[in-house]
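Understanding the architecture of this molecule
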Amino acid sequence: MLTDRIPRTAAQARSDIRTYKGIGASPGIAIGRAVIVEKRTAAVYRVPIRDEDVAGEVTRFLESLENTRTELHELKQKVSRSMGEEFASIFEAHAMIVSDPSFADKVIQKIESEQVNAEWALSEVQEEYEARFQSFEDEYLRERMADVKDVAERVLTHLSGIAHHDLSEITHDVIIVAEDLTPSDAIHFNRRPIVGFTTESGGRTSHTSIIAKSLFMPAVIGVPKLTRIVDNDELLIVDGYEGTVIVSPTPAMVSEYRNRVSLHEEAEKTLLENRLLKAVTKDNRQISLQANIELTEELDDAAKYGAEGIGLYRSEFLYISKSPDLPNEDEHVAVYRQLVESTAPGGCVIRTFDLGGKKLAREVMGSKEDNPVLGLRALRLCMKHRDMFKTQLRALLRASAFGPMKIMFPLVSGVQELRQVKALLREIKAELDAEGVAYNTNVPIGIMIEVPSAAVIADMLATEADFFAIGTNDLIQYSLAIDRSNENVSYLYEPLHPALLRLIKTVIDAGKRAGIPVSMCGEMAADPIYAIVLIGLGLEIFSMNPSNIPVIKNVIRSVRYRDCRRIAEVALQKKTAQEIEEFVIESVAMRFPEGLVQKNP
Ligand code: PEP
Ligand code: MG
């Protein structure tokens, strides 16, 4: 059996019920057996394999070695033509490592003796080599360590990161338990038998959490030491509503949780009854509710939950799901065309690649930074990698001919950046004109407001942008100086912080004065309590995970705008997020005694 091969910990013999508290990152309840995935580097997991799969794993490794050899050979020829023999010899050295039988033998031996996936075996051998090279006195030899690393990473890429296939043969439901998962891991884990996941690190608005929500995959994150306190194959309940993980529940608990699943399903059915109703307050203020999506597969969810168009399509997931290749222009066009055609007349706001930070910049661009979240991310990264960016912009313009679309740039920090990217768009438009390619000459160009500097000068940016979308996930991160993915500071992640409310008000007011639409697509928009304050601050377009739309629509339909405005005015005078929250909850109870606020399910 798969899990028998994992070295057991001291907790092995435990069969007691344990409950751990984390952050409910994605609602829902999952019940299944734990599969602990240990992580070595960005995407290397230790996955145990069965006796009968060992030979196949060795073959998979040998095939990836062969592919790497071919790739290196082609690279050598290409570099030799363009840069000369001297540079090409680097790849020859790499090819020698790949062909070195002792390197391959060591990896194979590990796969066989430890019965682990090839990725893990390879990374272990790489570490052994590194340790050996580091001890060499000769500097030249020490530097060859980088070559081994390079080769290992190339082979890893051919092995495609994670041995997902190992899980596919399990017939019972499993819950992934990991130290951390990247957004692309979350995408890949989106299939049976995986029914949920739980991790040690992460924050509620980290991209992994956002993806989990989009995929309706219950998830609890930020549970300290989880991979050490849970054993493989233990029964788990992951309660994404409450943010709890229950280990070894009794049969009675399991059936109680199954009941809860049915209750939630019933509640959702009732909520969905408002699908065709307008999002309008009791005193007739119209609000537009739109959807945030990451994958085109979510278009159906957006329609099902009653979204009026897509307020944020995170295009980087197009890359992430194709990684390590970049999508070509036609692939971009096909996706954007599908988006605009299926979201008409509401339309679709397509955000250009927000890669970098914690989303794959290193893998894409080879850039390694000490502070990636403050580094080459989003628009900055795209402007630096023009070819990649131009491909995307050309495709966006081409697709704009097929339906209503808006183009949005992420992480703009000032006017100059906006001007530069608009100049690039003009260049591309001229190219398309010269080629006689059709596009919408008036496609609206907007920006995310997610850097405090942009919020502060929103009045200036409003004269050069066609619309704003407030991205509170990042705006909170950057204005309160807390990493949105770090569970240690998640207690400081306060959407109702007075500084944040002031920034949001500044942006909404600036947009109104300039006559441009302002939306919010951060997670803050999807919370009933926050929504009341936001309505009061004058926000008219909310964009969120599709499944949150019915709850927020109910909130909107049961309040009066003038009450919300009064609540927001008083909230702006309060000094702490706690005081504001208490005040809003009390006001809601007083002004709307019939009870409106259903917490997100
Ligand atoms: C945000 O920052 O609020 C946002 C919507 O963008 P993302 O979550 O993709 O960073
Ligand atoms: Mg953002």
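Data block above holds the structure.
The notes below deal with the structure included here. (Residues numbered from 1 in each chain as written. Chains lettered and ligands numbered in written order. Predicted model: local features only at pLDDT ≥ 70, side-chain atom pairs only at ≥ 80, totals over all residues. Heavy atoms only, no water.)

This paragraph deals with the environment of threonine 352. Within the secondary structure layout, threonine 352 lies in the loop between strand S12 (348-351) and helix H14 (361-365). We classify threonine 352 as buried; its relative accessible area is 0%. Sequence separation between threonine 352 and phenylalanine 409 is 57 residues; the distance between their C-alpha atoms is 5.7 Å. Setting aside residues up to four positions removed in sequence, threonine 352 forms contacts with Ser315, Glu316, Phe389, Gln392, Leu393, Leu396, Ile407, Met408, Phe409 and Pro410. (Helix = DSSP H or I, 4+ residues; strand = E, 2+ residues; numbered from the N terminus. Buried < 20%, exposed > 50% of the residue type's maximum accessible area, 1.4 Å probe, protein only. Contact = heavy atoms within 4.5 Å.)

Around ligand 1 there are 17 residues in total, and His207, Arg314, Arg351, Asn473 and Arg484 lie nearest to it. Between ligand 1 and the protein, one listed contact pairs an oxygen atom with a side-chain N or O atom of arginine 351 at 2.8 Å. Take aspartate 474: an N or O atom from its side chain is 2.8 Å from an oxygen atom of ligand 1. When ligand 1 is considered free in solution it has 290 Å² of accessible area, and contact with the protein chains removes 100% of it. Elements supplying a minimum of two residues to the shell around ligand 1: helix H8 (207-214), strand S11 (310-314) and helix H20 (472-479). Top contributing element to the shell around ligand 1 by residue count: H20, with 3 residues. Among the residues forming the shell around ligand 1, the class breakdown is 4 nonpolar, 5 polar and 8 charged. (Near = heavy atom within 4 Å. Polar contact = N/O pair within 3.5 Å; in protein donor to acceptor, adjacent residues only side chain to side chain. Areas by Shrake-Rupley, 256 points an atom, 1.4 Å probe, with all protein chains shown as cover. Nonpolar A, V, L, I, M, F, W, Y, C, P; charged D, E, K, R; others polar.)

The next subject is the packing of aromatic side chains. For the structure shown, the criterion picks out 4 aromatic pairs. Residues phenylalanine 103 and tyrosine 129 carry aromatic rings whose centres are separated by 5.5 Å and whose planes lie at 80° to one another, so their mutual orientation is edge-to-face. Highlighted residues: phenylalanine 103 in helix H3 (residues 101-114) and tyrosine 129 in helix H4 (residues 118-134), separated in sequence by 26 residues. On the accessibility criterion, phenylalanine 103 (0% relative accessible area) is buried. What makes tyrosine 129 buried here is its relative accessible area of 6%. Note on phenylalanine 389 and phenylalanine 409: the rings are 6.3 Å apart at their centroids and 75° apart in plane angle, and the pair reads as edge-to-face. (Phe/Tyr/Trp six-rings, centres within 6.5 Å; stacked < 30°, edge-to-face > 60°.)

Within strand S10 (residues 288-293), 6 of the 6 residues are buried, which leaves it mostly tucked inside the rest of the structure. When S10 meets strand S17 (residues 541-544), the two strands line up parallel, connected through 4 bridges. Bridge pairing in S17 links serine 288 to isoleucine 541. With 3 bridges connecting them, S10 and S11 associate as parallel partners. By the bridge assignment for S11, isoleucine 293 is matched with tyrosine 313. (Pairing = 2+ DSSP bridges.)

Attention now moves to the coordination of the magnesium ion (ligand 2). Donor atoms from the polypeptide that bind the magnesium ion (ligand 2) are Glu450 (OE) and Asp474 (OD), placed at 2.0 to 2.1 Å. You can see glutamate 450 sitting in the loop between strand S14 (445-449) and helix H18 (452-456) and its partner aspartate 474 sitting in helix H20, a full 24 residues away along the chain. With respect to burial, glutamate 450 and aspartate 474 carry one shared label: buried. (Donors = N, O, S within 2.8 Å, 3.2 Å for Na, K, Ca; no water.)

In this structure, Tyr313, Tyr336, Phe409, Phe468 and Phe542 are the most contacted members of the largest nonpolar core, which totals 130 residues. Looking at this core element by element, the count peaks at 8 residues for helix H22 (residues 528-537). The residues that make up this core include at least three from each of domain 1 (2-40 + 165-269) and domain 3 (273-591). Here tyrosine 336 is in contact with Tyr313, Ser315, Leu318, Ile350, Gln392, Ala395, Leu396, Ala399 and Met405, once residues within four sequence places are set aside. (Core = buried A, V, L, I, M, F, W, Y, C linked by side-chain atoms within 4.5 Å. Domains from an automatic or database assignment.)

In total, this model carries 32 salt bridges according to the counting rule given. Here aspartate 53 makes a salt bridge to arginine 50, at a shortest N to O gap of 3.3 Å. For arginine 50, a relative accessible area of 22% puts it in the partly exposed group. Close ionic contact of glutamate 341 with arginine 337 constitutes a salt bridge, the shortest N to O distance being 3.0 Å. One end of the pair is glutamate 341 and the other is arginine 337, both in helix H13 (residues 329-343) and 4 residues apart, which spans about a single turn. A relative accessible area of 42% places glutamate 341 in the partly exposed class. Judged by relative accessible area, which is 34%, arginine 337 ranks as partly exposed. Through salt bridges with shared partners, a single network forms among Glu329, Asp330, Lys390, Arg394, Arg398, Glu431 and Glu435. (Salt bridge = Lys/Arg side-chain N within 4 Å of Asp/Glu carboxyl O.)

This is a description of form; function is not addressed.
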